[in-house]
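Residue-level structure breakdown
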2 protein chains.
Amino acid sequence: MSVTGTRPAGRPRSERAEKAIVDATLDLIGEGASVSELSIEAVAARAGVGKTTIYRRWANKEELVGDALATLKAPLPVVAGRTVREDLVAYLDVMRQDSLHVRTRCIMNIAMSDQERHPRLYERFHQTAIEPRRAAMRAVLERGVATGELRADLDVELAMGMLTGTMLWYTKAASHGGALPSPDLASRIVDEALRGFRSAQA
Amino acid sequence: MSVTGTRPAGRPRSERAEKAIVDATLDLIGEGASVSELSIEAVAARAGVGKTTIYRRWANKEELVGDALATLKAPLPVVAGRTVREDLVAYLDVMRQDSLHVRTRCIMNIAMSDQERHPRLYERFHQTAIEPRRAAMRAVLERGVATGELRADLDVELAMGMLTGTMLWYTKAASHGGALPSPDLASRIVDEALRGFRSAQA
DNA sequence: TAGTTTCGCAACGACACCGTATCGTATGAT
DNA sequence: ATCATACGATACGGTGTCGTTGCGAAACTA
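All values derive from a computational prediction rather than experimental measurement.

**Points about the relation of the copies chain B and chain A**
Mapping chain B onto chain A leaves a residual RMSD of 0.1 Å; the transformation is a rotation of 180 degrees accompanied by 0.1 Å of translation along its axis. Put plainly, the chains are arranged around a two-fold axis.

**A word on the nonpolar core**
Ranked by size, the top nonpolar core spans 68 residues in total, and within it F197 of chain A together with F197 of chain B carry the most contacts. Among the elements of the structure, α5 (84-100), α7 (119-147), α8 (156-171) and α9 (185-197) of chain A together with α5 (84-100), α7 (119-147), α8 (156-171) and α9 (185-197) of chain B are those that each provide at least two residues to this core. Excluding residues within four positions of it along the chain, F197 of chain B makes contact with E192 of chain A together with L141, L150, R151, L154, A159, M162 and L163 of chain B. One finds L28, A44, A47 and C106 of chain A within the second-largest nonpolar core, a separate group that totals 32 residues.

**Remarks on the domain arrangement of chain A**
All names here are of chain A. Considered domain by domain, chain A is made up of domain 1 (15-70) and domain 2 (84-197). One C-alpha centre belongs to domain 1, the other to domain 2, and the line joining them spans 27 Å. Interface area for domain 1 against domain 2, summed over the two sides, is near 1300 Å², with a carbon-plus-sulfur share of 59%. Sorting the residues of domain 1 by area buried against domain 2 places G30, E62 and L69 first, and these three jointly supply 37% of that buried surface. Where domain 1 touches domain 2, the interface holds three salt bridges. For the interface between domain 1 and domain 2, the tally reads seven residue pairs in polar contact (both at pLDDT 80 or more). Breaking the side of domain 1 that touches domain 2 down by element, the ones donating at least two residues are α1 (15-30) and α4 (61-70). The leading source of residues in the side of domain 1 that touches domain 2 is α4, at six residues. Taken together, the residues of the side of domain 1 that touches domain 2 sort by class into six nonpolar, four polar and five charged.

Thresholds, definitions, all that
Residues numbered from 1 in each chain as written. Chains lettered and ligands numbered in written order. Predicted model: local features only at pLDDT ≥ 70, side-chain atom pairs only at ≥ 80, totals over all residues. Heavy atoms only, no water. Least-squares fit on C-alpha atoms with pLDDT ≥ 70 in both. Core = buried A, V, L, I, M, F, W, Y, C linked by side-chain atoms within 4.5 Å. Buried < 20%, exposed > 50% of the residue type's maximum accessible area, 1.4 Å probe, protein only. Helix = DSSP H or I, 4+ residues; strand = E, 2+ residues; numbered from the N terminus. Contact = heavy atoms within 4.5 Å. Domains from an automatic or database assignment. Buried area = accessible area lost by both parts, 1.4 Å probe. Salt bridge = Lys/Arg side-chain N within 4 Å of Asp/Glu carboxyl O. Polar contact = N/O pair within 3.5 Å; in protein donor to acceptor, adjacent residues only side chain to side chain. Nonpolar A, V, L, I, M, F, W, Y, C, P; charged D, E, K, R; others polar.

In structure tokens form, the structure reads like this:
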């Protein structure tokens, strides 16, 4: 251990290997493997590393998955107070785009998976990857209610559930047969929903 | 083989065992096991039978799961032309109730699972358990459009996605923390959605 | 009764995976 | 150069599961 702040003697940890491990983990989950199903052997093989390399960094699978998922802080689009419609479309379209890429599809797969078997993992994931998105969407809807564009009696939680649930339905349950969600799906959902959300004056 | 139509000599197949096997399969899936994760060993243990008893009836796991899921033809409520709202609430409430029981929760779990690994199984399930429900809901919405209660330009597929997706969101993704969907969830969803679906004359 | 079929249980060889240990080689610092 | 640490590959004992086989007992027919 050097006292001058330089790196200790010995071979340094390979950042390439660490990234490959994290990527392999997310890929396998994005491809459909549940956390229970995911195996360290498969991650190691996919990443092109030895199992010991994984175990030198993470004590167990749950720790690895937790760290891998923590990298998924998908940046929310910057929507500095445009119209409610545009902001909702932007947020909802992030979900659609996530579904198109195997790595970010993890978000959807984990959100819809059984949380009972890995409650701590799920909670951590929920705080980092799901709640920020919901908070942003909620803020937009509440802004719409405050400005009078949306009904004063709008159930904001239900509205969010409708937007999110519909996109999930289309990207996950209704995607059998390999059909991709169309690029205008987010706007179609938002427009349909806003018909009921808007106040009579709008 | 007797020519008089009486049963052949030998111990008869146990219907109790067969039912126990099917029930165990549905229970394990309802509890969160994916088709991939499900093991014959676990089914046998849960059902209190020997593995050979399972293999005497089914060649492999996929065949067993297929037959087990085929028993899930949940009867649709008889809704002989009441109001669109009432009919939609009735159908949507079947989903909510399904989510409360471990055995019928299979429908939701399978519908939201990755279909790529078991395409034939999924397709068979889709035809027997999902499509009849969608057809019934579609008929109600189309009736509403035909009578003028709903907008002539209503996107019926999107409307269905909104109703179904929202209920799924609440019963599956939003159910972390053990919160049960409230008994009035179906009517709240339908009422919120109908605000936008209804035609201006309604 | 004998004969037949099914039952649950146990065992089997094969395979996959876990977490650990070992090893020769690679990659750095000194 | 030596020393230290990390690497991938391999092996290991253990666990779990698969699909199959064998067996004594159970449940039936004739």
